[in-house]
Amino acid sequence: MLDKLGGVYAARPRQGPHKLRESIPLHCILKYKLKYALTNQESTIILKDPSNQVLVDGKIRREAKYPVGLMDVVTIPKTNDQFRILYDVKGRFAFVPLKDKKAEFKLCKIVKKFIGKNKVPYIV
């Protein structure tokens, strides 16, 4: 994600809905992955601008270090872009473009499955 010659420091995600090792700051998404900003200052301007809206799971997020993780939907209304964050084969973050209907729901994790009365399958 970060190039060798880009510097020694990177933004660290703040506390939030995802673990530190399983999340990426919103600032890094705008700068390195989506290439909407060239510098840290530009990504901060994009996030802090009142007319611009960067949505994570349908809520406006203005914090540059907000942690975005697995199965989150990042929406940018000005460019009409929607991305779901998944892992690729090598375990890196992959940004999958979405249509409008797929961005409305969130996939869940199956913890337990069992067969109840009359052989009816249940998923928890």
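Just so we're clear, the structure is a prediction, and the values are computed from it rather than from any experiment. (Residues numbered from 1 in each chain as written. Predicted model: local features only at pLDDT ≥ 70, side-chain atom pairs only at ≥ 80, totals over all residues. Heavy atoms only, no water.)

> Would you explain the packing of aromatic side chains in this entry?
Think of a pair of aromatic rings as described by two things: how far the centres are apart, and how the planes are tilted against each other in angle. By the definition in use, this model includes two aromatic pairs. Aromatic side chains Tyr87 and Phe93 sit 5.5 Å apart centroid to centroid with 40 degrees between the ring planes, which places their arrangement in the tilted category. A ring pair is formed by Phe114 and Tyr122, whose centres lie 5.5 Å apart and whose planes are at 25 degrees; its orientation type is stacked. Overall, the relative accessible area of 41% leaves Tyr122 in the partly exposed class. (Phe/Tyr/Trp six-rings, centres within 6.5 Å; stacked < 30°, edge-to-face > 60°. Buried < 20%, exposed > 50% of the residue type's maximum accessible area, 1.4 Å probe, protein only.)

> Where do I start with the side chain of Arg84 in this structure?
Turning to its location among the elements, Arg84 is positioned in strand E6 (residues 81-87). The contact partners of Arg84, leaving out residues within four places of it in the chain, are Met71, Asp72, Val73, Ala94, Phe95, Val96, Leu98, Lys102, Ala103, Phe105, Lys106 and Leu107. (Helix = DSSP H or I, 4+ residues; strand = E, 2+ residues; numbered from the N terminus. Contact = heavy atoms within 4.5 Å.)

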